[in-house]
Amino acid sequence: MVEDQSNFNQSRAKWTANSTKIFANLLVDQIRLGNRPNNVFNKKAWKHIREEFNKETGSKFDRQQLKNHLDVLRKRCNHVKALLSQDGFSWDVTHCMVVAEDALWKKYIEVHPEADAIKKKGCPIYEQLCIIFSDSEADGKCALSSSGEMTHEEHPEVESVRFKGSLVHEQLQRMFSDGESNGKCAFAAPHAATTQMDDLSQDQSKLDQSRAKWTPFLDKIFVDLLVQRNQQNCFSNKKTWKSIREEFNKLTGLNFEEQQLRNHQSFLRRT
């Protein structure tokens, strides 16, 4: 009887863009808290997500309804992944839209009609989905990295376009330019001696770094940490980087190595 009522309620469950964003953010929060061991949300996570979601939205969704919507989001993530693997399709960070020439869209939608919704509405929670459906928390690899989407290691010019004009880029410009003018930038370009030491570990980390999938969401967290340490006049030493690495991995639920973070900081300086 209860199951029948639940099925009836599920058929009436209405999801909006706002409620979906709330749900996605709650999922990401639980990942950060470590409540998704082996890529499966535990009972504690679902209990918190259900309570907070219903509190914030005024809904009365049960756990199964939320799990069902997680499956819907997984399909959406896969649709975006498939689109971005196609030549001529790219991601517009500012508007959270997949963009391409009209002719490409028409040809693709003829074969994949479900893509029409993504063309029209985009995917505002793309960055959250990238974390939620990551293949592995252990190596920091986003699930979408297997789609063929371009990363800065393979296509630096694409990443440069992604950063230009963004708030993150402006933060970095101020931080690096201010530091270079007064000689106190916590993350100025390394001296020759430091570079030589770092080179010893670069070969070892090359493979891991090539798999590190950076998104605007992760960039923002990383840059905020860099800016914070810079404002505290924490100079570029192993203690500072250890702190950044621990905090970054705690906030994202990932496990990036220090060298991966250093490499990305060097990339950000060049963009």
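The structure this text deals with has already been given above.
A short tour of the structure in this document, coming up. (Residues numbered from 1 in each chain as written. Predicted model: local features only at pLDDT ≥ 70, side-chain atom pairs only at ≥ 80, totals over all residues. Heavy atoms only, no water.)

1. Quick notes on the overall build of the chain
In terms of regular secondary structure, the chain is built from 13 helices and 2 strands. Across the 271 residues in the chain, those meeting the buried criterion constitute 42%. If you take every contact in the chain between residues at least 6 apart in sequence, the share linking residues at least 24 apart comes to 65%. Accessible surface, the chain: about 15,400 Å² in total, of which carbon and sulfur atoms supply 51%. (Helix = DSSP H or I, 4+ residues; strand = E, 2+ residues; numbered from the N terminus. Buried < 20%, exposed > 50% of the residue type's maximum accessible area, 1.4 Å probe, protein only. Contact = heavy atoms within 4.5 Å. Areas by Shrake-Rupley, 256 points an atom, 1.4 Å probe, with all protein chains shown as cover.)

2. Notes on helix H3 (residues 43-57)
Quick reminder: α-helices carry 3.6 residues per turn. Residues three or four places apart thus point the same way. Taking 1.5 Å of rise per residue, the 15 residues of H3 would be expected to cover 21 Å, and the 21 Å separating its terminal C-alpha atoms lies within 8% of that figure. Those residues of H3 that fall on the buried side of the exposure criterion are Ala-45, Trp-46, Ile-49, Phe-53 and Asn-54. Each buried residue of H3 lies within a common arc of 145° when the element is viewed along its axis, so the set occupies one face. Relative to its buried face, H3 has exposed residues pointing more than 90 degrees away, namely Lys-43, Lys-44 and Lys-55. Where H3 ends, the next residue or the one after it, Gly-58, has phi of about 75°, a positive value. (Expected span 1.5 Å × (residues − 1). Arc of directions from axis to C-beta.)

3. Side note on the pattern of salt bridges
Here the structure, examined in full by the defined rule, presents 8 salt bridges. Between Glu-51 and Lys-47 there is a salt bridge, with the nearest N and O atoms lying 2.7 Å from each other. Within this pair, Glu-51 and its partner Lys-47 are both found in helix H3, separated by 4 residues, close to a single helical turn. The partly exposed category is assigned to Glu-51, whose relative accessible area is 41%. Looking at Lys-47, the relative accessible area reads 48%, which means it is partly exposed. For Glu-258, the salt bridge goes to Lys-238, with nearest N and O atoms at 3.7 Å. You can see Glu-258 sitting in helix H13 (residues 258-270) and its partner Lys-238 sitting in helix H12 (residues 238-252), a full 20 residues away along the chain. A single salt-bridge network, built from bridges that share partners, covers Lys-238, Glu-258 and Arg-262. (Salt bridge = Lys/Arg side-chain N within 4 Å of Asp/Glu carboxyl O.)

4. Considerations on the packing of H3 against helix H4 (residues 63-84)
Each pair of packed helices gets described by two things: the angle between the helix axes and the distance between those axes. Between H3 and H4, the least distance of the axes is 10 Å, while the angle of their chain directions is 100°. In terms of their interaxial angle, H3 and H4 are classed as roughly perpendicular. Residues Lys-43, Trp-46, Ile-49, Arg-50 and Phe-53 of H3 pack against Arg-63, Leu-66, Lys-67 and Leu-70 of H4. Across the contact of H3 with H4, the residue classes break down as 5 nonpolar, no polar and 4 charged. (Axes fitted to C-alpha atoms, helices over the stretch in contact; angles between N-to-C directions. Parallel < 35°, antiparallel > 145°, perpendicular 65-115°, else oblique. Nonpolar A, V, L, I, M, F, W, Y, C, P; charged D, E, K, R; others polar.)

That's the geometry; what it means functionally is another story.
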